[in-house]
Amino acid sequence: MAALTSSQSGNWASSSTWGGSTPADGDTFTIAQGHKVTVNSDQRAGVGFGDILVRGNLHFDTNGKIRINGRINVEGNGSTDYSKTSGVSAQDFTEGSSSSGALLSATGNNIYLEFEGGASDNHGIWIENISYSSWKFIGDDSVTTTELSAIANPGDEYITVDSVTGFGLGDWVAIYNTNHARPEEQQDEGCWVHDVDAANNRIYTKKFVGPKAIVSSASGTSLIVDHANIFRVGYKIIFGTGSNRNVRTISAISNNTLTLNSSISGTISSGTEVYETGLDKKHAVDRKVRVNAHVLTSAAAVNDTTVTISDATDILVGDYINIDVNNDVDTNWNYNSEFIVTAKSGNTLTLNTAIGNIRKVGSLVQRLNRSINMVGVDTDVRAYCLVEYYVDSNRAGTREIGLKDCRWWQMGGNTNNNYYQGAVFVAGYNSDYRSFETNSREDYQSKYENCVVHSSNGLNNYTGMNTRHCQGFMWRNCISVNAGHRAFWQWSSHYDVQFMNNYGTRNAYANVDNGAMYNSPEYGYNYTTRSDDHAWLLHHMRNAANVHNNIILHSEQRPFYIYYQTGGTQFRRMHFDGFRNIPYVGMGGGHAHFVDSYIQNKWYKQVPGVYAGYTDTFGAVDANDYFGNSGWDSRADYTRNPGFGMYSEYLDWNFEEGSMAMIEASNLVYQKSASKIWGLVNLRTETAIALQSHIYVPANTAVTITGEFRGENNGNYTKPYLIAKKVSNRYLGKYELNDSSTFSTSGDTAVKNSNIYGFLDQSQFTSASQGAWEQKTMNVTAQKYPYRLIAGYRIDSDNQEEVGYLQELNIALSGNSKVTKSKNFESRSIRSGATKKRISGRI
């Protein structure tokens, strides 16, 4: 084994590159500053080369292959010059310059970096935390792509492209800007292919997340569907394909009849599906259009060894593919979805092993092979790729990290350090695009683009695709399958991150885990499925983050978990289905809004009167309980909750106009459009307050509260309570004034005269509420000091198999006091001599 140092630029295999020595198995290497050494042939003989120190440029070209039994270490020059101006001060790698920076690079396709090394070996790729240390692996496009040939505007139902070859009906496509762009521009979009017009090179699209209805009949300008309230006047809809394709705008809605702006053409039969169409964003000519996934066009049964997909143009024999487990029968997460294509005939693929789980029509099918591949030679390898944590934000622009069309397979799991465990881990400040000036110190967008991590070794927290404390980083069109505990982990705080059109499945803790999102992030058009514990975890959302159009399916436990968020956090056009526990809103944050989103759960019993949007059978996990189990924090208990803890709202729930639901810790409260009656399902045995009302009560003011409850006839459970409580400590005077079995009440003399003690007044409904409305009125005694009052209903047992109904509260204050509320409640009525108000928990 020899230690070789480059004497000039040249090919890896050439002895002249290394001063007359030919690289041999086990040799170690130093690439000197200013030298570019290129690997463009197969160099995988033996057990592999040893460590490689890159101080110049190690470059991989098409067909370049190498086996490493050591570490590629990229060590820049550490220059403090970050102006990046031309001439002598240029510090990026410059061939022939003995003082320029270091670069690990690759362009082209069929490039392989194979790694040896066990858990105790530091083998892989390491980018030093030194300025002018860069890593640019920019592979050729690995799946079908084309470009826009005409400007696409918001609301357009189709995009015009250079070629439609390789795009099939039902495919998931991404539209994006391949040039560097400021994160704030947020130019990426995802949608589904509804139809392809080959004669005009047009791809007709439907919304990534949006309403779907089924046609009953069609005639003239009238389209009768199974459910019209999920659409709005002004929506543009698409239905039918080929000569029967119609794109129309809704001009009126009455019952289930959609009146359209022009007559329907062609033949539209009963059962035709109707979707909303129209782009969300504007896209310039030459923007890239990419197939993110094809779909199954026929169902696949257990033990099938062939599948037929929408278009197989970009899938080759020998490729690894992922077939999403999209059925509702298998209700866990750890199912095999990776296969090797052993034969291909048209759009039919033969697989290396039989399918173990049912796949429905529409199941996503994705090619996992990429142009640049970093692979462990077997399942015992613990090699890793790490961009070391860099903390100098002023010189972030000196470190350019561009990873496009790269794959990590059988990588990760090193035990020497947590950060060494990742298949790939980009940490710290690296260049993002902040200016249109060529000489700006921030002129390069660091990114993961079209990258894949699958079948990681040593499956654990870090073995997927990771970043730490990044700014302006782009995650685009990436896939993470069976990558460990987390598919995509954004550890620690992140600023202006773009997370767009990514897919994750089969991960043991979460598909998406974000430690903090600040400034102007965008998380949109992502599709995740089959994760254990939590599908998405989002923390520290301190401003109005743009989170929208995400599909989250088949979650072993919770589909969504947010904590430490600012009040009023909003999520638009989200799609949740298939979960055991409802979306979790932590007690340590503000309330959250899910706007115009589909949040339904076919794994449990369907909530009565709520649009399902599916023909699937509900109840795969539990056919008796409604909706799913709640998450719980004991601080949300009615004795401790200061109001609206663990609170979220579903506005235009399941796309239905005017339909609303609220999760109040362990309670689901919902109503249909224009109704003042609320349905109630208690999702756990814990006791939170439902239909909360918050009132500021002036001193010396009595309060009268009236509520009504009606239970189902077959209900056999502890009846709910009408309650009112002063916001105070959790014991509400229980120990200060009474024995441990009794709460203090508003009438206690000591309570009335104290500015500290709390109280709880409550009145339980009786068996008279079974099948009929029962009214309860409760009088809260006037107090010497002003205070905040919480009123509502609490359930004392698990009513998940029952549905109750609530009327909005009537609250009256004595004397001339007016109701001062902490939410924007709608006023109902005012009486002479008193202020009376019907109040709901709606905001």
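Everything below is about the structure shown above.
The structure reproduced in this document is the subject of the present report. (Residues numbered from 1 in each chain as written. Predicted model: local features only at pLDDT ≥ 70, side-chain atom pairs only at ≥ 80, totals over all residues. Heavy atoms only, no water.)

## Looking at the overall build of the protein
Line of reasoning, step 1. Looking only at helices and strands, the protein features two helices and 67 strands.
Line of reasoning, step 2. Taken against the 2.2 N^0.38 rule, which gives 28 Å for 843 residues, the C-alpha radius of gyration of the protein at 30 Å falls within 12% of a compact globule.
Line of reasoning, step 3. Projected onto its principal axes, the C-alpha positions of the protein cover 100 × 70 × 50 Å.
Line of reasoning, step 4. Burial statistics for the protein: of 843 residues in total, 61% are counted as buried.
Line of reasoning, step 5. At a minimum sequence separation of 6, the contacts of the protein that also span at least 24 residues come to 69%.
Line of reasoning, step 6. Within the structure as shown, the protein displays about 28200 Å² of accessible surface, and the carbon and sulfur contribution to it stands at 43%. (Helix = DSSP H or I, 4+ residues; strand = E, 2+ residues; numbered from the N terminus. Rg over C-alpha atoms; globule rule 2.2 N^0.38 Å. Buried < 20%, exposed > 50% of the residue type's maximum accessible area, 1.4 Å probe, protein only. Contact = heavy atoms within 4.5 Å. Areas by Shrake-Rupley, 256 points an atom, 1.4 Å probe, with all protein chains shown as cover.)

## Focus on the sheet that holds strand 22 (residues 246-254)
Line of reasoning, step 1. Overall, antiparallel pairing links the six strands, which are arranged 19-20-23-22-21-24 in a closed barrel. Direction aside, neighbouring strands of the sheet carry axes that sit 45° apart on average.
Line of reasoning, step 2. Where strand 20 (residues 222-225) and strand 23 (residues 257-260) come together, three bridges link them in antiparallel fashion. Within strand 23, the residue paired with Leu223 across the bridge is Leu258. (Pairing = 2+ DSSP bridges. Axes fitted to C-alpha atoms, helices over the stretch in contact; angles between N-to-C directions.)

## Overview of a nonpolar patch on the surface
Line of reasoning, step 1. Where nonpolar side chains cluster on the molecular surface, the patch consists of Val302, Val329 and Ile358 and spans about 250 Å² of accessible area.
Line of reasoning, step 2. Mapped onto the secondary structure, Ile358 falls in the loop between strand 29 (348-351) and strand 30 (364-367).
Line of reasoning, step 3. Assessed through its relative accessible area of 36%, Ile358 is described here as partly exposed. (Patch = residues over 30% accessible without salt bridge, like charges linked within 9 Å, V, L, I, M, F, W, Y side chains within 5 Å. Salt bridge = Lys/Arg side-chain N within 4 Å of Asp/Glu carboxyl O.)

## Concerning the packing of aromatic side chains
Line of reasoning, step 1. On inspection of all chains with the given rule, the structure shows 55 aromatic pairs.
Line of reasoning, step 2. Between Phe560 and Phe571 the ring centres are 5.0 Å apart and the planes differ by 90°, which places this aromatic pair in the edge-to-face class. One end of the pair, Phe560, is in the loop between strand 48 (546-555) and strand 49 (561-563); the other, Phe571, is in strand 50 (residues 569-579), and eleven residues separate them in sequence.
Line of reasoning, step 3. Overall, Phe571 belongs to the buried group, its relative accessible area being 0%.
Line of reasoning, step 4. A cation over a ring is seen here: Arg468 above Tyr389, with NZ or CZ 3.8 Å from the ring centre. (Phe/Tyr/Trp six-rings, centres within 6.5 Å; stacked < 30°, edge-to-face > 60°. Lys NZ or Arg CZ within 6 Å of the ring centre and 35° of its normal.)

## A word on the nonpolar core
Line of reasoning, step 1. With 88 residues, the main nonpolar core has Ile125, Trp135, Phe137, Met374, Leu403, Trp408 and Phe627 as its most contacted residues.
Line of reasoning, step 2. Counting residues per element, this core draws most heavily on strand 50, at four residues.
Line of reasoning, step 3. Judged by nonpolar contacts, the second largest core, of 38 residues, contains Val209, Leu258, Leu260 and Ile264. (Core = buried A, V, L, I, M, F, W, Y, C linked by side-chain atoms within 4.5 Å.)

## Let's talk about the pattern of salt bridges
Line of reasoning, step 1. Tallying each qualifying case throughout the model produces 30 salt bridges.
Line of reasoning, step 2. Residue Asp188 is joined to Arg476 by a salt bridge in which the shortest nitrogen-to-oxygen separation is 2.7 Å. Within this pair, whereas Asp188 is found in the loop between strand 16 (172-176) and strand 17 (189-197), its partner Arg476 is found in strand 39 (residues 474-476), the two being separated by 288 residues in sequence. There is no split in this pair, since Asp188 and Arg476 are both buried.

## Structural notes on the pairing of strand 11 (residues 111-115)
Line of reasoning, step 1. Most of strand 11 is tucked away: five of the five residues are buried.
Line of reasoning, step 2. Inspection of the sheet shows strand 8 (residues 65-68) paired to strand 11 by four bridges, in the parallel sense. Paired with Lys65 across the bridge in strand 11 is Tyr112.
Line of reasoning, step 3. Sheet analysis places strand 11 next to strand 31 (residues 372-376), joined by five bridges and oriented parallel. Across the sheet, Leu113 pairs through a bridge with Met374, a residue of strand 31.

## Re the pairing of strand 9 (residues 71-74)
Line of reasoning, step 1. Burial along strand 9 is two-sided: the residues Arg71 and Asn73 and Ile72 and Val74 are all buried.
Line of reasoning, step 2. The pairing of strand 9 with strand 12 (residues 124-127) spans four bridges and is classified as parallel. Within strand 12, the residue paired with Arg71 across the bridge is Gly124.

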